[in-house]
Amino acid sequence: MPTQFSVLTLLRHGTIALMVPSAAMAHTDLSRFEDNIFTSAPEVVSCTLEDGTEASCYKITVNYLPEGLDIGPFCPVTIDDEGGLWDWDGENAKLYRIDKDFLTMLDELGYRFFDEDGNVHIVDNANTRPEADHACINVTADPDVTVTMLLPIDPKMAEDPEEIGTVGKVGVALDGVPVFADAPSVLDTGHMPALDLCGGHIDPGGWYHWHATATDVETVFETEGVDAHCHLEQDKTAQFGYAFDGYPMFGSAEEDGSKPEDLDTCNGHVGETSLGITYHYHASEDFPNLPPCLVGVQAQDNFITTASVGIGAPRGEDMGHAAGHEGTIGAGHMNTPPGFDEAAEKLGVTATELLQALISSGQDRPDLAVAAETLGVSEDALTEALPQPPRQ
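Procedures and definitions
- Residues numbered from 1 in each chain as written.
- Predicted model: local features only at pLDDT ≥ 70, side-chain atom pairs only at ≥ 80, totals over all residues.
- Heavy atoms only, no water.
- Core = buried A, V, L, I, M, F, W, Y, C linked by side-chain atoms within 4.5 Å.
- Buried < 20%, exposed > 50% of the residue type's maximum accessible area, 1.4 Å probe, protein only.
- Helix = DSSP H or I, 4+ residues; strand = E, 2+ residues; numbered from the N terminus.
- Pairing = 2+ DSSP bridges.
- pLDDT = per-residue confidence, 0-100.
- Contact = heavy atoms within 4.5 Å.
- Patch = residues over 30% accessible without salt bridge, like charges linked within 9 Å, V, L, I, M, F, W, Y side chains within 5 Å.
- Areas by Shrake-Rupley, 256 points an atom, 1.4 Å probe, with all protein chains shown as cover.
- Salt bridge = Lys/Arg side-chain N within 4 Å of Asp/Glu carboxyl O.
- Lys, Arg positive; Asp, Glu negative; His and termini not counted.
- Charge placed at Lys NZ, Arg CZ, Asp CG, Glu CD.
- Disulfide = S-S within 2.5 Å.

> Outline the nonpolar core, listing residues and values.
In this structure, Trp88, Phe102, Trp210, Tyr279 and Tyr281 are the most contacted members of the largest nonpolar core, which totals 65 residues. In terms of nonpolar packing, the next biggest core, distinct from the first, is built from 21 residues, Met149, Leu151, Phe250 and Phe303 among them.

What follows is the structure, given as structure tokens:
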């Protein structure tokens, strides 16, 4: 099997057919999804891919949370309680259980998430701005919200893989739960949108989503030395879901239990699966254990919710207000940290546009020069307008 970029190159130029017949490349298969997760029967609809190609997509709609799925814990009430998970990317970076040891470590690094009595600063940022410099975010679920997604029926390889940035769209799990990339860093926002022990939490719009391959997250716990247990059945070989380009996502092992070989930069390759021989992604053994990029082309406007805020909500320039998530193409505004409304007004842009430019400007930290160019302002003007970082 060709290694690294050669698989993608062969696929793009059609020569992979010498090794894998095109008919053997798996299509999106709705029968793989769990029963009774859709609010209505899925539809086949005409859709336009992001490269302009006209295609057919499955249109699926799910509730804010699958029936019977237990979620939490997220934020601990006090430092003596145990909460969920957080992937800390500052000094001593790794995945942690949110407990006294972790919160005390953050305090020593200048990030205090609790008061003098040991009570953790918790905020529901769908409704309230954090008053503390550093708060743990625990959003309330909204049972009235539904999420509609588009999946290409016949996946199409892109000319080049598309990187997935902070809170970028990844796909949908077989339980109907949307999947997104890394949550915003505490180093950028000052606040911690805590994940539960399977790697999920609730968007400011009130719907639950994964930030990890939840059915293989305990492989990550073993790798990173985290004392935690996800209540979902763990299976390294099982299919977790479909990426938004239509290609399937599996756990960190092949169907026979062996370690995947010849993975490309998106952590995928062509090989035998329970769906047949097809291109597919594998979970990694560190967090977040999701593809860092997508090799296929997504459908335009492929993620919409009925929520009034958060990812996928209807567009609105004055609706977001607290530290939260990145917006998506055709999918509404994002919530913005304190001080961004004033900064945006100085720059003559919306707060959503400002935050989106900063998030999309760099993989790890905002690149102010890139963000300024995106916004059409000078770097000096952007630097002067931005709110000061949270006090440490």
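> Residues and numbers for the pairing of strand β9 (residues 169-173), please.
For β9, a buried count of 5 out of 5 residues is recorded, marking the element as mostly surrounded by other parts of the structure. As paired strands, β9 and strand β10 (residues 178-180) are joined by 3 bridges and run antiparallel to one another. Looking at β10, one finds that glycine 171 is bridged to valine 179. In sequence, β9 turns back onto β10 through a hairpin of 4 residues, with glycine 176 there showing a positive phi of about 85°. Across 3 bridges, β9 lies against strand β14 (residues 239-243) in antiparallel orientation. Bridging from a neighbouring strand, glycine 171 pairs with alanine 243 of β14.

> I'd like a rundown of the confidence of the model for the protein, residues and numbers included.
Looking at the protein, pLDDT values average 85 and 84% of them are 70 or higher. Here residues 1-24 scores under 50 on pLDDT; set against residues more than four positions off or in separate chains, the count is 35 contacts. Contacts of residues 316-335 to residues separated by more than four positions or lying in other chains number 87 contacts, the stretch itself having pLDDT below 50.

> Account for a negative patch on the surface, naming residues and giving values.
Judged by side-chain charge, Asp367, Glu379, Asp380 and Glu384 come together as a negatively charged surface patch. Structurally, glutamate 384 is set in helix α8 (residues 379-385). Relative accessible area serves as the criterion here: at 69%, glutamate 384 is assigned to the exposed category.

> Now, about the state of the cysteines: what can you tell me, with residues and values included?
The tally for this structure, following the rule as stated, stands at 4 disulfides. Two residues, cysteine 75 and cysteine 136, share a disulfide whose sulfurs are 2.1 Å apart. Residues cysteine 75 and cysteine 136 share a disulfide whose torsion about the S-S bond is about -90°; that sign makes it left-handed. Remark: cysteine 136 occurs in strand β6 (residues 136-137) and cysteine 75 occurs in the loop between β2 (54-63) and β3 (85-88); sequence separation between them is 61 residues. By relative accessible area, which is 9% here, cysteine 75 ends up buried. Disulfide pairing is shown between cysteine 266 and cysteine 293; the S-S distance is 2.0 Å. Looking down the S-S bond of the cysteine 266 and cysteine 293 bridge, the torsion is -115°, so its handedness is left-handed. Within this pair, whereas cysteine 266 is found in the loop between β15 (248-250) and β16 (268-273), its partner cysteine 293 is found in strand β18 (residues 293-296), the two being separated by 27 residues in sequence. For the pair shown, cysteine 266 and cysteine 293 are each scored as buried. Described in terms of the sequence order of its bonded cysteines, the disulfide pattern of the protein is 1-2, 3-4, 5-6, 7-8.

> Report on helix α4 (residues 217-224), specifying residues and quantitative values.
Along an α-helix, residues three or four positions apart point the same way, because every turn accommodates 3.6 residues. Burial of α4 is extensive: 6 of the 8 residues sit out of reach of the surface. Turning to α4, its buried residues are Val217, Glu218, Thr219, Val220, Phe221 and Glu224. Elements that come into contact with the buried residues of α4 comprise β3 and β4 (94-97). Backbone geometry just downstream of α4 places glycine 225 in the positive-phi region, at approximately 70°.

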